[in-house]
Amino acid sequence: METVAGTVTHDPPPTTGGPPGKPLIVTEDAELLDDLLRLCAAAGATPEVHHGVPKPRGSWETAPLVLVGDDAARRVRGAARRRGVVLVGRDQDDSGVWRRAVEIGADHVLMLPDGEPWLVDRIADVAEGVGRPALTVGVIGGRGGAGASTLACALAVTSAREGLRTLLVDADPLGGGLDVLLGGETAEGLRWPAFAASRGRVGGGALEESLPHLHALRVLSWDRGDCVAIPPQAVRAVLAAARRRGGTVVVDLPRRIDDGVAEALAQLDLGLLVVPAELRAVAAAGRVASAVGMILRDLRVAVRGPYSPGLDDREVARLLGLPLAGEVPAESALLRPNGGKAPPGAAARGPLARFCKEFWARALVETAGP
């Protein structure tokens, strides 16, 4: 159990895979009820309200989140024990609140108004039906022209083809736009500048619906305007919303590490450093790896041929001191002048798609929780 007096990170409540349920509020305190209804509205949730344990008790047992006013603790003392119960009070100096929380099996004790940001986040998780967060993978080039954007697109296209909810994020404002690489520069939907003022919490469902839909995935890219930087607070809000939707998120990263890119790196589960197998590229990649490794713990090297004499994929990984993710194969269709009609990885039986499918199979198993 923990007490909450401000914004606190937390694991989302468990979900059953069905539609989101309604939070349950139990209180007779009119002022507290007004505050809780206001917070539910801010989070986009419509709660069920009772003065005591509901009869029959179905909603007590099935609600994804139960908010019990401190005034109602005595009335719910005999209810079945369950996860997701929060005891809500106002008196910071009332030491008895801990005893009452234990008596009703509460997971958290929350004091208003200080705990409001945390509670809005928790209620919004319920409203969105949050489950396991997305596996989030960043791709960064060891040097210019390494093929990081091509690999990022191929990973996203492959993930979508495997039936996973997929979001491809273009974090490189000077890269020309991943929507262009996917053939969707004119597709309707919002681009990064529309989110530059985002703070706090961004709704995951609203974010997903607002973005261009290309090749069975959603894409967050750049427009053709002058905006070349997004504040780190906005990057944090947008990527956190994307992760809450589950599935996979692929982030194409620039080699220049500014505050916004650092925020993106902090949200990743793992990173792939794409390195051509030549000595100058390995030297440049070493500097990139050093900077990225200060933020991202799990960085792996993806080696791209052709190979310079004396180099192979294992030797490149050894020189960089990084785990080897594998050899990124070339896809001949991408090398032809008209090869841009289909996105990277579109050929399901092509070598690049096979590499990406094998990567996802391993990564999803490695990151699966108990």
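Residues numbered from 1 in each chain as written. Predicted model: local features only at pLDDT ≥ 70, side-chain atom pairs only at ≥ 80, totals over all residues. Heavy atoms only, no water.

**So, the overall build of the protein**
Here is step 1: Helix and strand content of the protein: 13 helices and 14 strands.
Here is step 2: Along the longest, intermediate and shortest principal axes, the C-alpha atoms of the protein span 75 × 40 × 35 Å.
Here is step 3: Burial statistics for the protein: of 370 residues in total, 50% are counted as buried.
Here is step 4: Expressed as a percentage of contacts within the protein between residues at least 6 apart in sequence, the contacts between residues at least 24 apart total 71%.
Here is step 5: Here the protein has roughly 17,100 Å² of accessible surface; of this, 52% comes from carbon and sulfur atoms. (Helix = DSSP H or I, 4+ residues; strand = E, 2+ residues; numbered from the N terminus. Buried < 20%, exposed > 50% of the residue type's maximum accessible area, 1.4 Å probe, protein only. Contact = heavy atoms within 4.5 Å. Areas by Shrake-Rupley, 256 points an atom, 1.4 Å probe, with all protein chains shown as cover.)

**So, the nonpolar core**
Here is step 1: Residues W192, L253, L273, V275, V316 and L320 are the most contacted members of the largest nonpolar core, which totals 45 residues.
Here is step 2: Setting aside residues no more than four positions away along its own chain, V316 makes contact with V275, A277, V282, V301, V303 and L311.
Here is step 3: Ranked by size, the runner-up nonpolar core spans 32 residues in total, among them A146, L155, V219 and V274. (Core = buried A, V, L, I, M, F, W, Y, C linked by side-chain atoms within 4.5 Å.)

**Some points on the sheet that holds strand β14 (residues 324–328)**
Here is step 1: Spatially, 8 strands are ordered β9-β10-β8-β11-β7-β12-β13-β14 in an open sheet, and the strand pairing comes out mixed. Two strands lie at the open edges of the sheet, namely β9 (213–214) and β14, each paired on one side alone.
Here is step 2: Examined bridge by bridge, strand β7 (residues 135–141) and strand β12 (residues 270–276) share 5 bridges and lie parallel to one another. By the bridge assignment, V137 is partnered in β12 with L270.
Here is step 3: On the sheet, helix α5 (residues 148–161) packs against β7, β8 (166–170), β10 (217–220), β11 (248–253), β12, β13 (299–304) and β14 and is oriented at approximately 170° with respect to β11. (Pairing = 2+ DSSP bridges. Axes fitted to C-alpha atoms, helices over the stretch in contact; angles between N-to-C directions.)

**A short note on the pattern of salt bridges**
Here is step 1: In this structure the tally under the stated criterion is 21 salt bridges.
Here is step 2: Close ionic contact of E103 with R77 constitutes a salt bridge, the shortest N to O distance being 3.5 Å. Residue E103 is found in helix α3 (residues 96–104), and its partner R77 is found in the loop between β4 (66–69) and β5 (85–89); the two are separated by 26 residues along the sequence.
Here is step 3: For R245, the salt bridge identified is with E208, shortest N-O distance 2.8 Å. Residue R245 is located in the loop between α8 (232–244) and β11, and its partner E208 is located in helix α7 (residues 204–210); the two are separated by 37 residues in the primary sequence.
Here is step 4: Exposure remark for E208: the relative accessible area of 17% places this residue in the buried category.
Here is step 5: Within this structure, D35, R38, R90 and E116 form a network of salt bridges that share partners. (Salt bridge = Lys/Arg side-chain N within 4 Å of Asp/Glu carboxyl O.)

**A look at the packing of aromatic side chains**
Here is step 1: This model, assessed by the stated rule, comprises 2 aromatic pairs.
Here is step 2: Relative to W222, the ring of W192 has its centre 6.1 Å away and its plane inclined at 35°; by these criteria the two rings are tilted. On the criterion of sequence distance, the pair formed by W192 in the loop between α6 (178–181) and α7 and W222 in the loop between β10 and α8 is long-range, its members being 30 residues apart.
Here is step 3: Classification of W222 as buried rests on a relative accessible area of 5%. (Phe/Tyr/Trp six-rings, centres within 6.5 Å; stacked < 30°, edge-to-face > 60°.)

**Focus: unusual backbone geometry**
Here is step 1: With an omega dihedral of 5°, the bond running from L112 to P113 counts as a cis peptide bond.
Here is step 2: Along the chain, G305 connects to P306 via a cis peptide bond; the corresponding omega equals 0°.
Here is step 3: As for its position among the elements, P306 is in the loop between β13 and α11 (313–320).
Here is step 4: In this structure, H215 is a non-glycine residue whose phi angle is positive, near 55°.

**Re the packing of α5 against helix α13 (residues 351–367)**
Here is step 1: Their axes nearest at 9 Å, the elements α5 and α13 cross at an angle of 70°. Viewed along their axes, α5 and α13 adopt a mutual orientation that is roughly perpendicular. Crossing hand, α5 versus α13: right-handed. Residues T150, L151, A154, L155, T158, S159 and R161 of α5 form the contact with α13, whose own contacting residues are L352, A353, F355, C356, K357, F359 and W360. (Parallel < 35°, antiparallel > 145°, perpendicular 65-115°, else oblique. Left-handed = near helix turned anticlockwise from the far one by under 90°.)

**Examining the packing of helix α1 (residues 30–43) against helix α4 (residues 116–128)**
Here is step 1: Interaxial distance between α1 and α4 falls to 8 Å at its minimum, and their mutual angle equals 55°. With respect to α4, the element α1 is oriented oblique. When the axes of α1 and α4 are compared, the crossing they make is right-handed. Here α1 contributes L36, R38, L39, C40 and A43 to the contact with α4, which in turn contributes E116, L119, V120, I123, A124 and A127.
Here is step 2: The class makeup of the residues in the contact of α1 with α4 is 9 nonpolar, no polar and 2 charged. (Nonpolar A, V, L, I, M, F, W, Y, C, P; charged D, E, K, R; others polar.)

**Details of the confidence of the model for the protein**
Here is step 1: On average, residues of the protein score 88 in pLDDT, and 91% of them are at 70 or above.
Here is step 2: Here strand β1 (residues 2–4) stands out as the least confident element of the protein, with mean pLDDT 54; β11 is the most confident, with 98.
Here is step 3: Below pLDDT 50 for its whole length, residues 5–18 participates in 27 contacts with residues either more than four positions away or in separate chains. (pLDDT = per-residue confidence, 0-100.)

**Examining the pairing of β10**
Here is step 1: Residues L217 and V219 line one face of β10 and the alternating positions R218 and L220 line the opposite face, and both faces are buried.
Here is step 2: As paired strands, β8 and β10 are joined by 3 bridges and run parallel to one another. Residue pairing across strands places L167 opposite R218, the latter belonging to β10.
Here is step 3: Two strands pair when backbone bridges link them, and β9 and β10 are joined in this way by 2 bridges, in the antiparallel orientation. Counterpart to L214 in the pairing with β10 is L217.
Here is step 4: Where β9 folds back on β10, the antiparallel hairpin that results is connected by 2 residues, among which H215 adopts a positive phi of roughly 55°.

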